[in-house]
Amino acid sequence: MSEFDPVHSMAALRREFGEHGGVNMSIEASTTFTVMEAGTMPQIFQGQRGPDQGGCYLYGRHFNPTVYVLGRQLAAMEGAEAGYCAASGLGAITATIMQFCDAGDHVVAGNAIYGGTFAFLHDYLPLKAGCRTTFVDTNDLGAVERALTPRTKLIYIETLSNPTLRIADIPALARLARSRGVALVVDNTFCPLMVCPITLGADVVVHSLTKFVSGASDIIAGAVCGSAAFIARLMDLHTGSLMLLGPTMDPHVAHALSLRLPHLPLRMREHGVRALEIARRLRERGWRVSYPGLEEHPDHGLAKRLFREEYGFGGLLTLDLGTTARAFRFMEELQNRDRFGFMAVSLGYFDTLMSCSASSTSSELDAESMQRAGISPGLVRMSIGYTGTIEQRWAQLEDAMARV
Ligand SMILES: *Cc1c(COP(=O)(O)O)cnc(C)c1O
């Protein structure tokens, strides 16, 4: 593990105080910004002035000061040089991919990625931009290498695959990408603070802030972290995908999220403690549970090497109930009778959320892709919350287990 500490890095940032000395930063709600001298404006348009060159802002779809502060905080958390935010995770992801790819270019992506990202790469991008994607098992380095073509611009992976919870060997993939002149882009939505892909060699990290970073299932948001040059490309007035496609984060959202970053470490730690305890108990009962913190998980060794110890192994586990019907019955018992959690997509909420992946968040995949990705029809993904006590939650789970 590297010496980089994301919490320390975030705390080392210059504190932003409110306009009147408030302990929190002010919200800059303006969509347009004045200059003192008319000659400054052409300089902003020519890129000679900007947020980091004289504190010059232009227009709210370009850099906004409040959004930029959140971007810097997230960049510090990821060990990146720079960062900026988007209106959604998918806004950040699609802008990033389009920034790397011109018509006719090629992407190599994991075969168990978020359904929306899969649909974008599999269906949308070839249709609209003539960019093809080859989906491979990214735990098989040979398969990744064989899929690379002279037109490949990026390898796209998720730190923890969804819903199969396989862990990407980021250092090995980064070495391969570098040796072939290809960028490595990592979606780190499932593992904020737990893994810092850029410090392990990745070029760009994207996030859906909608999940753990928000923590309350009330905000849709996303972010991109990478080199200052890459963030500048994304925001370029002529060719920047984040600037021109316009998935702009509202400054009020940036402000709300910045107030949740200080307690993200506490929340991530507690998600991890709860999920590990529940996974261990389920395993003892002989249930088909998958969790990176269990010794029998295929990537447990990799998890111990890449994950930061203080956050454990994350808040997500899966439980295979065999059939869709049994998975549905189990979730209904857990929600409607036992009050263990909610049947809902998404993750990173303070209460437990559960969904049957094959018929929900991964349903963008066709039957063959589903099988190749190892997603069984009865697989229930759980994002373990931290409300209530562990014993209370375990009693609720045991009750549902006894009924299905
Ligand atoms: C939710 C999610 C996304 C999409 O993010 P939105 O904020 O919903 O646009 C992308 N990747 C992963 C891993 C996700 O869980």
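Predicted model, so just to flag it, every value in this text is computed and none were measured.

Here we look at the overall build of the protein
Link 1 in the chain: Each helix and strand counted, the protein has 15 helices and 12 strands in total.
Link 2 in the chain: Expressed along its principal axes, the backbone C-alpha trace of the protein runs to roughly 75 × 55 × 35 Å.
Link 3 in the chain: Relative to all contacts within the protein whose residues are 6 or more apart in sequence, the contacts with residues 24 or more apart total 71%.
Link 4 in the chain: Of the roughly 16800 Å² of accessible surface on the protein, a fraction of 53% belongs to carbon and sulfur atoms.

With respect to the pairing of strand S1 (residues 82-86)
Link 1 in the chain: By the criterion of burial, S1 is predominantly enclosed, with 5 of the 5 residues buried.
Link 2 in the chain: Both faces of S1 are covered, namely the face carrying Ala82, Tyr84 and Ala86 and the face carrying Gly83 and Cys85.
Link 3 in the chain: Here S1 pairs with strand S7 (residues 222-226) via 5 bridges, running antiparallel. Residue pairing across strands places Cys85 opposite Ala223, the latter belonging to S7.

Some words on the pattern of salt bridges
Link 1 in the chain: With the rule as written, the count across this model stands at 20 salt bridges.
Link 2 in the chain: With a shortest N-O distance of 2.7 Å, Arg281 and Glu277 are connected by a salt bridge. A residue pair is termed a helical-turn pair when its members lie 3 or 4 positions apart in one helix, as Arg281 and Glu277 do in helix H11 (residues 264-284) at 4 residues.
Link 3 in the chain: Take Arg281: its relative accessible area is 16%, and that puts it in the buried class.
Link 4 in the chain: Among the salt bridges present, the one from Arg285 reaches Glu398, with a minimum N-O distance of 2.2 Å. With Arg285 in the loop between H11 and strand S8 (289-290) and Glu398 in helix H15 (residues 390-403), this pair connects stretches of sequence that are 113 residues apart.

Let's talk about the site of the ligand
Link 1 in the chain: Neighbouring the ligand are 14 residues; Leu90, Asp187, Ser208, Thr210 and Lys211 lie closest to it.
Link 2 in the chain: Within the backbone of Gly89, a nitrogen or oxygen atom sits 2.9 Å from an oxygen atom of the ligand.
Link 3 in the chain: A distance of 2.8 Å is found between an oxygen atom of the ligand and a side-chain nitrogen or oxygen belonging to Ser208.
Link 4 in the chain: For the ligand, whose accessible area on its own is 380 Å², the fraction buried by protein is 92%.
Link 5 in the chain: Residues of the shell around the ligand, tallied by class, amount to 6 nonpolar, 5 polar and 3 charged.

A look at empty space enclosed by the protein
Link 1 in the chain: Scanning the entire structure with this criterion turns up 2 cavities of 30 Å³ or more.
Link 2 in the chain: Here the largest cavity defines a volume of roughly 70 Å³.
Link 3 in the chain: As for the largest cavity, its lining consists of Arg274, Ile278, Phe340, Asp351, Thr352, Ile384, Gly385, Tyr386, Thr387, Ile390 and Arg393.
Link 4 in the chain: Elements with a minimum of two residues in the lining of the largest cavity: H11 and H15.
Link 5 in the chain: The space that makes up the second largest cavity amounts to roughly 30 Å³.

Observations concerning the sheet that holds strand S9 (residues 316-320)
Link 1 in the chain: Overall, mixed pairing links the 5 strands, which are arranged S8-S9-S12-S11-S10 in an open sheet. Only two strands of the sheet have a single neighbouring strand rather than two, namely S8 and strand S10 (342-343).
Link 2 in the chain: In this sheet, strand S11 (residues 353-356) lies alongside S10 in parallel orientation, the contact comprising 2 bridges. Looking at S11, one finds that Phe342 is bridged to Leu353.
Link 3 in the chain: Across the sheet, H11 is in contact with S8 and S9; its angle to S9 comes to roughly 20°.
Link 4 in the chain: Contacts from helix H13 (residues 324-337) reach S9, S10, S11 and strand S12 (379-383), with the element oriented near 160° to S11.

With respect to the environment of Gly348
Link 1 in the chain: Mapped onto the secondary structure, Gly348 falls in the loop between S10 and S11.
Link 2 in the chain: Contact partners of Gly348, with chain neighbours within four places excluded, come to Lys211, Phe212, Gly215, His271 and Ser383.

Overview of the nonpolar core
Link 1 in the chain: Grouped together as the largest cluster of nonpolar side chains are 127 residues, with contacts concentrated most on Tyr156, Leu184, Phe330 and Met382.
Link 2 in the chain: The two domains that each donate at least three residues to this core are domain 1 (6-262) and domain 2 (263-403).
Link 3 in the chain: In this structure, Leu184 is in contact with Ile155, Ile157, Ile170, Leu173, Ala174, Ala177, Ala202, Asp203 and Val204, ignoring residues within four places of it in sequence.

Comments concerning helix H5 (residues 115-129)
Link 1 in the chain: The first and last C-alpha atoms of H5 sit 19 Å apart over 15 residues, in line with the 21 Å expected at 1.5 Å per residue.
Link 2 in the chain: A maximum bend of about 35° is found in H5 at Asp123, where proline Pro126 lies one to four positions downstream.
Link 3 in the chain: Those residues of H5 that sit buried are Gly115, Gly116, Thr117, Phe118, Phe120, Leu121, Leu125 and Ala129.
Link 4 in the chain: Tucked into the core, H5 has its buried residues touching helix H4 (89-100), strand S2 (106-110), strand S3 (132-136), strand S4 (152-158) and helix H14 (367-372).
Link 5 in the chain: At the exit of H5 stands Gly130, carrying a positive phi of roughly 65°.

Structural notes on helix H10 (residues 251-258)
Link 1 in the chain: The set of residues buried in H10 consists of Pro251, Ala254, His255, Leu257 and Ser258. The buried residues of H10 occupy an angular sector of 165° when the element is viewed end-on, so they sit on one face.
Link 2 in the chain: Residues of H10 that are buried make contact with helix H3 (65-78).
Link 3 in the chain: Taking the backbone nitrogen of His252 as reference, a side-chain oxygen 2.7 Å away marks Asp250 as the first, capping residue of H10.

Let's talk about the domain arrangement of the protein
Many structure descriptions define interface size as the accessible area lost when the parts assemble.
Link 1 in the chain: Split by domain assignment, the protein resolves into domain 1 (6-262) and domain 2 (263-403).
Link 2 in the chain: Between the C-alpha centres of domain 1 and domain 2 the distance comes to 27 Å.
Link 3 in the chain: Each partner contributes to the interface: domain 1 provides 41 residues, whereas domain 2 provides 45 residues.
Link 4 in the chain: Carbon and sulfur atoms make up 66% of the surface buried where domain 1 meets domain 2, a total of about 3500 Å² over both sides.
Link 5 in the chain: Among the residues domain 1 hides against domain 2, the three largest losses belong to Ile167, Met194 and Phe212. Together they make up 22% of the total.
Link 6 in the chain: Viewed at the interface, domain 2 and domain 1 are joined by 2 salt bridges.
Link 7 in the chain: Across the pair Arg305 and Asp169 runs a salt bridge whose closest N-O atoms are separated by 3.8 Å.
Link 8 in the chain: Elements with a contribution of two residues or more to the side of domain 1 that touches domain 2: helix H1 (6-11), H5 and helix H7 (170-179).
Link 9 in the chain: When residues of the side of domain 1 that touches domain 2 are assigned to their parent elements, the largest contribution, 5 residues, is made by H5.
Link 10 in the chain: For the side of domain 1 that touches domain 2, a count of residues per class yields 27 nonpolar, 10 polar and 4 charged.

Conventions we followed
Residues numbered from 1 in each chain as written. Predicted model: local features only at pLDDT ≥ 70, side-chain atom pairs only at ≥ 80, totals over all residues. Heavy atoms only, no water. Helix = DSSP H or I, 4+ residues; strand = E, 2+ residues; numbered from the N terminus. Contact = heavy atoms within 4.5 Å. Areas by Shrake-Rupley, 256 points an atom, 1.4 Å probe, with all protein chains shown as cover. Buried < 20%, exposed > 50% of the residue type's maximum accessible area, 1.4 Å probe, protein only. Pairing = 2+ DSSP bridges. Salt bridge = Lys/Arg side-chain N within 4 Å of Asp/Glu carboxyl O. Near = heavy atom within 4 Å. Polar contact = N/O pair within 3.5 Å; in protein donor to acceptor, adjacent residues only side chain to side chain. Nonpolar A, V, L, I, M, F, W, Y, C, P; charged D, E, K, R; others polar. 1 Å grid on protein atoms, 1.4 Å probe; cavity = no way out; pocket = protein on both sides within 12 Å on 5 of 7 lines; lining within 4 Å. Points joined across faces, edges and corners; volume = space filled by probe spheres on them. Axes fitted to C-alpha atoms, helices over the stretch in contact; angles between N-to-C directions. Core = buried A, V, L, I, M, F, W, Y, C linked by side-chain atoms within 4.5 Å. Domains from an automatic or database assignment. Expected span 1.5 Å × (residues − 1). Bend = angle between axes of the 7 residues up to and from the residue. Arc of directions from axis to C-beta. Buried area = accessible area lost by both parts, 1.4 Å probe.

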